[in-house]
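Descriptive structure summary
Chain by chain, the residues run as shown.
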Amino acid sequence: GSGHLVLGCQFMRASSASSRMLRWFASTVAVISAQPPDGGPPDGGPPDGGPPDGGPPDGGQGGGTTTTLEEPHIVVNSHKQCIPPAGTAQTITGHIYCDNYFEFWFNGELVAKDPMTFTPHNAVQVSFEWDGISDKEFAIMCMDYASTSGYEYTETSSAQIGDGVLMAEFSDGTVTGSGWNTFVVTHGPTDESETAGCSATNLDACVVTTATEPTGWTGAGFEVDGAWATATEYTADEAGWGRTPSWDTTASCCGTSTSPMTQATLSLNGGCSVIYTADNPDGEAVTVKQSECLNPQSVLSETRSKMIWSSNLKKDNKVLFRLKVAADASSGIQCPVCDAVVRTTQRIRREMRTLTDEEWGKVTAAMWIMKTTSQADGVAAYGASFRTYDYFVVKHLVAMVDLRGDQAHFGPMFMPWHSAFILEFENALLSVDPEILAMPYWDTTLTEPSVFTDQYFGSAPGTGPNGEVIDGAFNDWPIESNFNLADYTNAAGEAISSPYTGSTTGMLRGADATRTETTVLRFGTSTYAYDPNDFWKCANLDAFYYDWYECVEQGTAGGVGVVSGSLHSGPHAQIGGKSGDDSGDFEDVTASPNDPIFFFHHADVDRNAYWWMHVNADKRASAYGYPTEEASGIGPYAGMTYYGQHLMDRMGDAWGFSAQDLGFSDSMDLQTNADILCKVSPTTAVYTYDFITACIADGAACQATWGEQENATTTATTTAATTTTVAAVDDNTTTTTSQSQTSAATEMVASLVGGVLLVMLH
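So, here's what we can say about the structure. Source: prediction; values computed, not measured.

**Here's the deal with the overall build of the protein**
If you tally the helices and strands in the protein, you get 15 helices and 26 strands. Expressed as a percentage of its 762 residues, the buried residues of the protein come to 60%. In the form shown here, the protein has an accessible surface area of approximately 27,300 Å², with 50% of it arising from carbon and sulfur atoms.

**Describing the pairing of strand β17 (residues 316-325)**
Of all the ten residues making up β17, nine are buried; the element is thus mostly covered by neighbouring parts of the structure. Here strand β6 (residues 136-143) pairs with β17 via eight bridges, running antiparallel. If you follow M141 over to β17, its bridge partner there is L320. In terms of strand pairing, strand β8 (residues 181-187) meets β17 through six bridges, oriented antiparallel. By the bridge assignment for β17, V184 is matched with V319.

**Observations regarding the state of the cysteines**
Evaluation of the coordinates by the stated rule reveals eight disulfides. Between the sulfur atoms of C82 and its disulfide mate C335 the distance is 2.0 Å. Looking along the S-S bond of the C82-C335 disulfide, the torsion reads about 90°, which is the right-handed sense. Within this pair, whereas C82 is found in the loop between β1 (80-81) and β2 (90-99), its partner C335 is found in the loop between β17 and β18 (347-349), the two being separated by 253 residues in sequence. Sulfur-sulfur distance for the disulfide between C254 and C293 comes to 2.1 Å. Negative torsions about the S-S bond denote left-handed disulfides, and the value of about 80° found for C254 with C293 makes this one right-handed. In this pair, C254 sits in strand β13 (residues 253-255) while C293 sits in the loop between β15 (284-285) and α4 (296-299), placing the two residues 39 residues apart along the sequence.

**Digging into the packing of aromatic side chains**
Per the counting criterion, the structure on display carries 64 aromatic pairs. Centre to centre, the rings of W105 and W217 are 5.4 Å apart; their planes meet at 70°, and the pair counts as edge-to-face. Pair noted here: W105 is in strand β3 (residues 101-106) and W217 is in the loop between β9 (209-210) and β10 (229-230), with a separation of 112 residues, a long-range link. As far as burial versus exposure is concerned, W105 and W217 are alike and both buried.

**Comments concerning the side chain of S419**
When you line up the elements, S419 lands in helix α8 (residues 414-432). Each residue touching S419, except ones within four places of it in the same chain, is listed here: D606 and I676.

**Description of the nonpolar core**
Within the largest apolar cluster, 117 residues are counted, with the highest numbers of intra-cluster contacts made by W360, F457 and F600. Considering each element in turn, this core owes the most residues, twelve residues, to α8. If near-sequence neighbours (up to four positions away) are discounted, F600 is found in contact with M352, W360, V363, M367, M439, P440, Y441, W442, F457 and F474. In this structure, A123, V124, A236 and L300 belong to the second largest nonpolar core, which totals 39 residues.

**Brief notes about unusual backbone geometry**
Look at the link from T119 to P120: it is a cis peptide, with omega at 0°. Counting through the fold element by element, P120 comes out in the loop between β4 (109-113) and β5 (123-130). With phi around 50°, S252 is a residue other than glycine that occupies positive phi space. Here S252 is to be found in the loop between β12 (246-248) and β13. For S252, a relative accessible area of 23% translates into the label partly exposed. Within the chain, A623 stands out as a residue other than glycine whose phi angle is a positive 55°. When you line up the elements, A623 lands in the loop between α12 (597-615) and β23 (627-629). Residue A623 is classed as buried on the basis of its relative accessible area of 10%.

Thresholds, definitions, all that
- Residues numbered from 1 in each chain as written.
- Predicted model: local features only at pLDDT ≥ 70, side-chain atom pairs only at ≥ 80, totals over all residues.
- Heavy atoms only, no water.
- Helix = DSSP H or I, 4+ residues; strand = E, 2+ residues; numbered from the N terminus.
- Buried < 20%, exposed > 50% of the residue type's maximum accessible area, 1.4 Å probe, protein only.
- Areas by Shrake-Rupley, 256 points an atom, 1.4 Å probe, with all protein chains shown as cover.
- Pairing = 2+ DSSP bridges.
- Disulfide = S-S within 2.5 Å.
- Phe/Tyr/Trp six-rings, centres within 6.5 Å; stacked < 30°, edge-to-face > 60°.
- Contact = heavy atoms within 4.5 Å.
- Core = buried A, V, L, I, M, F, W, Y, C linked by side-chain atoms within 4.5 Å.

Have a look at this one:
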């Protein structure tokens, strides 16, 4: 259509990585909570020649109720993923933008129809299945609105000839370009009619020609002939992006629709989720999902794909497009083969409040030993897996201030890096006291009993004169003064290269930190809680790896609102808090592991990822869609691609994780993101979680409730004490058998044989 608004986009980048992160973390990130995709295209299609007739606010509060949601199905993977082995079935997703209306078929099956037939100029998410064997055949009908004269806005004094364009990107690497074929169905006004007097003021003289559509052109096996031409590529300057759509979160509708005849906004519903028809010139209501009302400039890029059309951008109004990709023609990085052993027994991470006083005492005592023992003395006393506590604080900090870009946050590598980080910490903890059995986690959806007591984490805010935490199991937890990076080496004894030299006062805090107190500071609240229903929404998301990360970090997936808070960032900001410009230690972005609560919280985020990988096991062959190329960060790294983000990149290799660090083998080879996805999956990890057995036995106990609800609380989190026995495992790890009583599955658990749950994975 016409009236294009050509917009530019420029990324504002801070002068340093640390200042980028600090500013973003402290800022408010608006999270849209609206209708995610459910994968279903609308019914109805156009007749020939015409349209159819028919991130965490304030640092991340706990989740809450917003607008009506539908359970999403496959959020679009906008990043390149690895190529699975030949013959592996695959879910392919993508975005399609057509000015003005499209219909899309894959291998003869109708996948989607654009619900908006004229304006706004929206992009639509699509999802479909490929058997991994057949050739991939893409067929798209794209139509620019034009009246029988070839003009639009014919009821105004300035009728004009519009233009069309198609642009699409798919997760298998298929994109629009000159390799596509085109067939023109409608063309006009013809040159002959213009010679005869056709013009904007003499529409009666205009003629539009219509060709018969090739029989079976949408089907599998169709072969193009000489009637088809090669697609012509255009730039956005030539074709334009059109009128940007806007999603109304209150009304859950897509705006703003205008009339192709009068150019005015359609009066029905203010032009929101309505289309023009000849019978209803004021607008006809249609169903539009948020995933069908996307800004094409946000999901498509001229660096990846091209705008295409026939050779006549303006006068060819309805164009058919086809592309055939041979089944064996996929290019890209092959998915690595995961050869990790499937475990039949695993140690069980339990919710911290289910531990007995004796068990909790062992955990805290071991952490104090890690805090107060040197690396050399610890290895001598406890073995090669021992690490000092501050080893982890520095390792986290070095990853964040890497000059290439944050190696542990604001991108897909967040969870592999932190899963490895918590596993290395767990191994160190168990080296001090094997009777601990596994790293406990803190379920932030449970508020009773409070963890901010003298028994557990102490007060929030801290009750010391300057916010120091002087009570709890980690009271007066020391922060290193006179920091010197040379005091630290990796597990191989090698020096660490990093621009970090300590805080402004020489302490082991963020580079911009000015506080001089030598114990942990908290300025936040002890009342923080995360909505349990939101926990399960992210955990059950039928989506790709990066989309899951967006969900737990900023409440979105593929740009669509899913939950209203941040499972990850919320506790950091709300509990660590601020005093003026000063951050509490848990809120200090780079050095947040200074507060012991960090490890229990991140074990809980890992718990969410663990269940997500379980319910998305069908994506494991393609590494859960983890990006192999052209990844893009979020927050302060939005639009940035760098080493460390991609599947085959070594994680934080300035101070990485060796196979020995993580207990995989004796090798000092640094592990990649792919290694973690392989070896720390629900079937291969050395650990599992106490709720997993109950969830597998009764999946309904661990599902989210979708729809407009008031504080839905579906959860299978452990709420009663768990007894354990210990058994040896061949790889020198510890396994735990447990008897758990869960809030959603009490009767089921109690009925299991002998009252004992053995975690047996098949």
